[in-house]
Amino acid sequence: MKISVFGLGYVGCVSAACLAGRGHEVIGVDVNPVKVDLVTQGHAPVVEERIGELTAEVVTSGALRATTDVAEAIAASDVSLVCVGTPSAANGSLSTEYLERVADQIGEALARKESRHTVVFRSTMLPGTCLDLLVPILEKSSGGTAGVDFGVAVNPEFLREGSSVRDFFDPPKTVIGEIDPASGDVVARLYEGLPGDVFRVPIPVAEMTKYADNAFHGLKIGFANELGSVCRALGLDSHKVMDVFLADRKLNVSPAYLRPGFAFGGSCLPKDLRGLVYAAHRADVSVPILAHVLPSNEDHLQRAFDLVARTGKRKVGLFGLSFKPGTDDLRESPLVELAERLLGKGYDLKIYDANVSLSRLMGANREYIEGRLPHLGQLLARSVEEVLEHADVCLIGTADPAVLAALPHGGGQTLVDLVRIPDAEARRAEEGYVGLAW
């Protein structure tokens, strides 16, 4: 393929050299003539493992060249990768100045081109940037329509400085946000044969994936460092603790707990988080991440209450009450907390949970619920239908098949989904369906 790469910083020069190394014909484009001269002479503009040798090799073979001329690069290529910087301001806002400038220049060049060209943004940008800002600029400058006269895609990079060449050829995944299938096909061909799953998704989803990755990486580093600081204060070897932690690939280093849903609860997580934060404070160790996990959980629970409040309806049905499906454990269940808040605000509440029967509750479990919902017996319904007949708003806190089978489609009842029921994606288009975090 004939490719132009705009921006010859880390991402751009690595992408250009690696694509050229895969047999594509690549033109690097940059406003800085020093970078262009370096590439022309076979030198990489950045210091990075393997990039120097690879750049020299592909320039010598004629697979990679560089220019400052945007029109020339667009005329000589079929697809453009935009890899310019998106620096942040002191307040965290994203600067799109370079993206806007390049989009305008590419659009002007497209106005003089007859064959279809695909513009692929690799720069990190917030969801909405491409469709709401850059596509209108491209359309205005070119006089064409995105998805018809030219293609548009977002293709975030997952390259780590220091190992980016290796990461390019062995990616964890390839993400393609496409404005139309033809645009996505062009991007997919760039990486054909490379390992890793390929995700072809809506453009805003692709834009968000880079933020999800980097936020989690930062969270992991902060978590490890806070835990290490607590361990040190308690006289423990943090690396030995983390060796044990990392050995668990079923729950700790895995997809477990990483699907958006309702707040967490139960007899372990809240108690142990409180205990760890207390131990850190006693040892005079600041742990802002760990200290804010429970407040974050509280905020998420409040979101569910707010969704009910916004309906203006007072008759509420709650499906599910226990901390975990298939059990009757009510201790620190977020559904119990939600029920308590609703009752405290005067809502008329009915609850159905097939596993919860007041007569069978005992010990600490019974003690806990008597302190939180002393009139539980009057709130519990004997069937799903009893709750549906009562409620104008239904809170779905369980994936019990009997509950799911009885849920109405459309109509006057509002369904607030706390667990992402199996047909959530289809229901999102229905009137009255509200997902908590999707």
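All values derive from a computational prediction rather than experimental measurement. (Residues numbered from 1 in each chain as written. Predicted model: local features only at pLDDT ≥ 70, side-chain atom pairs only at ≥ 80, totals over all residues. Heavy atoms only, no water.)

*Asks:* What am I meant to see in helix α15 (residues 363–372) here?
*Replies:* It helps to recall that an α-helix has 3.6 residues per turn; residues three or four apart then point in one direction. Those residues of α15 not exposed but buried are Asn-365, Tyr-368 and Ile-369. Taken around the axis of α15, the buried residues stretch over an arc of 90 degrees, which confines them to a single face. What points out from α15, more than 90 degrees from its buried face, is the exposed set Glu-367 and Gly-371. Summarising the contacts, the buried residues of α15 are in contact with α14 (334–344) and α16 (376–379). (Buried < 20%, exposed > 50% of the residue type's maximum accessible area, 1.4 Å probe, protein only. Helix = DSSP H or I, 4+ residues; strand = E, 2+ residues; numbered from the N terminus. Arc of directions from axis to C-beta. Contact = heavy atoms within 4.5 Å.)

*Asks:* I'm lost on a nonpolar patch on the surface in this one. Help?
*Replies:* A surface patch of nonpolar side chains, about 260 Å² in accessible area, is lined by Phe-216, Leu-219 and Leu-258. Mapping Leu-258 onto the fold places it in the loop between α10 (238–247) and α11 (269–282). (Patch = residues over 30% accessible without salt bridge, like charges linked within 9 Å, V, L, I, M, F, W, Y side chains within 5 Å. Areas by Shrake-Rupley, 256 points an atom, 1.4 Å probe, with all protein chains shown as cover. Salt bridge = Lys/Arg side-chain N within 4 Å of Asp/Glu carboxyl O.)

*Asks:* Can you walk me through the domain arrangement of the protein chain in this structure?
*Replies:* Put simply, an interface is often sized by how much accessible area is lost when its parts join up. By domain assignment, the protein chain separates into domain 1 (2–205) and domain 2 (296–435). For domain 1 versus domain 2, the separation of C-alpha centres amounts to 48 Å. (Domains from an automatic or database assignment.)

*Asks:* Where do I start with the layout of surface pockets in this structure?
*Replies:* Summary: where empty space remains is shown by rolling a probe the size of a single water molecule over the atoms. By volume, the second largest pocket is sized at about 210 Å³. Mapped onto the lining of the second largest pocket, the elements with two or more residues apiece are α11, α13 (293–311), α14 and α15. Residue contributions to the lining of the second largest pocket peak at 4 residues, all from α13. For the lining of the second largest pocket, the class distribution of residues is 7 nonpolar, 3 polar and 5 charged. (1 Å grid on protein atoms, 1.4 Å probe; cavity = no way out; pocket = protein on both sides within 12 Å on 5 of 7 lines; lining within 4 Å. Points joined across faces, edges and corners; volume = space filled by probe spheres on them. Nonpolar A, V, L, I, M, F, W, Y, C, P; charged D, E, K, R; others polar.)

*Asks:* I would appreciate a short explanation of the side chain of Thr-414 in the present structure.
*Replies:* You can see Thr-414 is positioned in strand β12 (residues 414–417). Take Thr-414: its relative accessible area is 10%, and that puts it in the buried class.

*Asks:* Please clarify how the packing of aromatic side chains should be interpreted in this entry.
*Replies:* Inspection of every chain in the model, using the stated rule, returns 4 aromatic pairs. Judged by centre distance (6.0 Å) and plane angle (55 degrees), the ring pair of Phe-168 and Tyr-191 falls under tilted. Here the residue Phe-168 occupies a position in helix α7 (residues 164–169), and Tyr-191 occupies one in the loop between α8 (181–190) and β8 (197–201), the gap between them amounting to 23 residues. Where Phe-223 meets Phe-245, the ring centres are 5.8 Å apart and the plane angle is 45 degrees; that geometry is what we call tilted. (Phe/Tyr/Trp six-rings, centres within 6.5 Å; stacked < 30°, edge-to-face > 60°.)

*Asks:* What exactly am I supposed to notice about α14 here?
*Replies:* Within α14, 8 of the 11 residues are buried, which leaves it mostly tucked inside the rest of the structure. Restricting attention to buried positions, one finds in α14 the residues Pro-334, Leu-335, Val-336, Glu-337, Leu-338, Ala-339, Arg-341 and Leu-342. Looking one or two places after α14, you find Gly-346, whose phi comes out positive at around 85 degrees.

*Asks:* What is the right way to look at the nonpolar core in this model?
*Replies:* For soluble globular proteins, nonpolar side chains are generally found buried alongside one another. Counting residues in hydrophobic clusters, the biggest one holds 48 residues, and the most contacted among them are Leu-321 and Leu-376. When residues no more than four places from it in sequence are discounted, the contact partners of Leu-376 are Leu-321, Leu-330, Ile-351, Val-356, Leu-358, Leu-361 and Ile-369. Val-11, Ala-66, Val-120 and Ala-153 belong to the second largest nonpolar core, which has 37 residues in total. (Core = buried A, V, L, I, M, F, W, Y, C linked by side-chain atoms within 4.5 Å.)

*Asks:* Which parts of the structure should I look at to understand the environment of Trp-438?
*Replies:* Looking at the secondary structure, you find Trp-438 in the segment after β13 (433–435). In this structure, the C-alpha to C-alpha distance between Trp-438 and Gly-412, residues 26 residues apart in sequence, is 21 Å. With residues up to four places along the chain from it excluded, the contact list for Trp-438 reads Pro-260, Gly-261, Asp-417, Leu-418, Val-419, Arg-420, Ala-424, Arg-428 and Tyr-433. Separated by 3.0 Å, the side chains of Trp-438 and Tyr-433 make a polar contact. (Polar contact = N/O pair within 3.5 Å; in protein donor to acceptor, adjacent residues only side chain to side chain.)

*Asks:* In this structure, what is going on with the packing of helix α9 (residues 203–233) against α10? I would like to understand it.
*Replies:* Any two packed helices are characterised by the angle at which their axes cross and by the distance between the axes. Where α9 meets α10, the closest approach of the two axes is 9 Å, and the angle between their N-to-C directions is 130 degrees. What the angle tells us is that α9 and α10 run oblique. Crossing geometry of α9 relative to α10 is assigned as right-handed. Across the interface between the two elements, Phe-223, Leu-227, Gly-228 and Cys-231 of α9 pack against Ser-238, Val-241, Met-242 and Phe-245 of α10. Among the residues making up the contact of α9 with α10, the classes are represented as 6 nonpolar, 2 polar and no charged. (Axes fitted to C-alpha atoms, helices over the stretch in contact; angles between N-to-C directions. Parallel < 35°, antiparallel > 145°, perpendicular 65-115°, else oblique. Left-handed = near helix turned anticlockwise from the far one by under 90°.)

*Asks:* For this particular structure, what's the right way to read the sheet that holds strand β7 (residues 173–178)?
*Replies:* By definition, the strands of a sheet pair up through backbone hydrogen bonds, in either a parallel or an antiparallel sense. Sheet architecture is open: 8 strands sit in the order β3-β2-β1-β4-β5-β6-β7-β8, paired in mixed fashion. The two strands at the open ends of the sheet, each matched to only one other strand, are β3 (64–67) and β8. Going across the sheet, the axis of each strand differs from the next one's by a mean of 25 degrees, ignoring polarity. In terms of strand pairing, strand β2 (residues 25–29) meets β3 through 4 bridges, oriented parallel. Opposite Val-29, over in β3, you have Thr-67 as the bridge partner. (Pairing = 2+ DSSP bridges.)

*Asks:* Looking at this structure, how should I read the UniProt feature "binding site: NAD(+)" (unreviewed entry) in the protein chain?
*Replies:* Following the UniProt record, the feature "binding site: NAD(+)" (unreviewed entry) maps to Tyr-10, Val-11, Asp-30, Lys-35, Thr-86, Thr-124, Lys-271 and Arg-331 here. Spanning 322 residues, the named residues do not form one spatial group; their C-alpha atoms are separated by as much as 62.4 Å. Checking the annotated residues one by one, the ones that line the second largest cavity turn out to be Thr-124. Tracing the sequence through the fold places Val-11 in helix α1 (residues 10–21). With near-sequence residues (within four places) excluded, Val-11 lies in contact with Cys-83, Arg-122 and Glu-157. Tracing the sequence through the fold places Lys-271 in helix α11. Its relative accessible area of 45% is what places Lys-271 among the partly exposed residues. (UniProt positions renumbered as here; feature names shortened; annotations may be inferred.)

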